[in-house]
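A structural walkthrough
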Amino acid sequence: MVHRVVASRYAGALFAAALDAGAWKQVDEDFPALVETVVGNEEFRDFLFHPAIGAAEKKGVAERTLRGKIAPVLYDFLMLVIEKRREVYLPLIQEKYRELVMKHEGVKQAVVHTAFPLTGDQRERLAGVLGGITGLKITVEEIVEPALLGGIRVRVGDLVIDGTLLNGLRQEKEHLTSARVH
């Protein structure tokens, strides 16, 4: 819980700075590559996350590795994060930053759990239907879960629609076990 609060505050500060600089889209485009560089490279991650290594040394390596390769606002933000020893929060900060960008653009993400992968056409139609329900532009993140057996479960913010076969079977089981036989 505390991690999300810290990440939200940092993401909010970065978004405000990027918005003021007119670079919020560039930061949004560069942030995933930054996180991949930090988290995806085991040596770099271990170095950057190591508590015994000082901020000055970490900043020096980050400067040689990333200066000029990411938006200046994001680079300055990274230096602040390193100075404040919040490097481990970068992936979560990026997630929270992305949420702020989507909100700014009037876009909401739907997380869709399916038993089988959706086709591009199905994904587009689903986004259109959900957009009609919510009044927002919807992007679809798909998670394939064969255990669902069939159907889909959709989450858009607090709205959950569970039309999976597995959920239907659970409901039927509850109905049958609670029914009284005379």
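Here we summarise the structure given alongside this text. (Residues numbered from 1 in each chain as written. Predicted model: local features only at pLDDT ≥ 70, side-chain atom pairs only at ≥ 80, totals over all residues. Heavy atoms only, no water.)

Here the largest pocket defines a volume of roughly 500 Å³. Along the wall of the largest pocket there are 14 residues; nearest its centre are Glu99, Met102, Lys108, Gln109 and Gly157. Of all the secondary structure elements, the ones that give two or more residues to the lining of the largest pocket are α6 (90–104) and β1 (107–114). Take the lining of the largest pocket: its biggest share by element is 6 residues, from α6. Residues belonging to the lining of the largest pocket are distributed by class as follows: 5 nonpolar, 3 polar and 6 charged. (1 Å grid on protein atoms, 1.4 Å probe; cavity = no way out; pocket = protein on both sides within 12 Å on 5 of 7 lines; lining within 4 Å. Points joined across faces, edges and corners; volume = space filled by probe spheres on them. Helix = DSSP H or I, 4+ residues; strand = E, 2+ residues; numbered from the N terminus. Nonpolar A, V, L, I, M, F, W, Y, C, P; charged D, E, K, R; others polar.)

With that out of the way, let us pick up the packing of helix α2 (residues 24–40) against α6. At their nearest, the axes of α2 and α6 sit 10 Å apart, and the two run at 160° to each other. By the angle between their directions, the pair α2 and α6 is classed as roughly antiparallel. Two packed elements cross with a definite hand, and for α2 against α6 that hand is left-handed. For the pair formed by α2 and α6, the contact residues are Trp24, Val27, Asp28, Phe31, Pro32, Val35, Val38 and Val39 on the first element and Leu90, Pro91, Ile93, Gln94, Tyr97, Arg98, Val101 and His104 on the second. (Axes fitted to C-alpha atoms, helices over the stretch in contact; angles between N-to-C directions. Parallel < 35°, antiparallel > 145°, perpendicular 65-115°, else oblique. Left-handed = near helix turned anticlockwise from the far one by under 90°. Contact = heavy atoms within 4.5 Å.)

What follows covers the pairing of strand β4 (residues 159–162). Here 4 bridges tie strand β3 (residues 152–156) to β4, and the two strands are oriented antiparallel to one another. Each residue of the ladder has a partner; that of Arg153, found in β4, is Asp162. From the end of β3 to the start of β4, which pair antiparallel, there are 2 residues, and Gly157 there has a positive phi angle of about 60°. (Pairing = 2+ DSSP bridges.)

What follows covers the pairing of β1. In terms of strand pairing, β1 meets strand β2 (residues 137–144) through 8 bridges, oriented parallel. In the strand pairing of β2, Val111 is matched with Glu141. Chirality of the crossover, the property in question, places the unit of β1, helix α7 (residues 120–134) and β2 among those that are right-handed. Pairing between β1 and β3: 5 bridges, direction antiparallel. Each bridged residue has a counterpart across the sheet, and for Thr114 the counterpart in β3 is Ile152. (Right-handed = clockwise from strand over helix to strand, strands pointing away.)

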